[in-house]
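A closer look at the structure
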Amino acid sequence: MGMFLKYATATTELGVWLFGRLHGAAFLFYVVIAILSTRRLLHRLPQQTV
């Protein structure tokens, strides 16, 4: 979206700045949720002995 605003409409770089930050925040949120989910799911698995 930000790249479209920057190059297609030739407006300011505000769209790139805004959507870049939103994309970065969404990615960090995804990483945190993935780590927390993995820890929770692995904790529930029974421990296997050899």
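Residues numbered from 1 in each chain as written. Predicted model: local features only at pLDDT ≥ 70, side-chain atom pairs only at ≥ 80, totals over all residues. Heavy atoms only, no water.

1. Points about the overall build of the protein
- When helices and strands are tallied, the protein shows 2 helices and 0 strands.
- Counting only residues that meet the buried cut, the protein has 4% of its 50 residues in that class.
- Of the roughly 4,900 Å² of accessible surface on the protein, 70% is carried by carbon and sulfur atoms. (Helix = DSSP H or I, 4+ residues; strand = E, 2+ residues; numbered from the N terminus. Buried < 20%, exposed > 50% of the residue type's maximum accessible area, 1.4 Å probe, protein only. Areas by Shrake-Rupley, 256 points an atom, 1.4 Å probe, with all protein chains shown as cover.)

2. Focus: a nonpolar patch on the surface
- The grouping of L14, W17, L18, F19 and L22 at the surface amounts to a nonpolar patch, some 490 Å² of accessible area in total.
- With respect to the helices and strands, F19 occurs in helix α2 (residues 14-44). (Patch = residues over 30% accessible without salt bridge, like charges linked within 9 Å, V, L, I, M, F, W, Y side chains within 5 Å. Salt bridge = Lys/Arg side-chain N within 4 Å of Asp/Glu carboxyl O.)

3. Considering the environment of G15
- Note on placement: G15 falls in helix α2.
- In sequence terms G15 and F4 are 11 residues apart; their C-alpha atoms lie 8.5 Å from each other.

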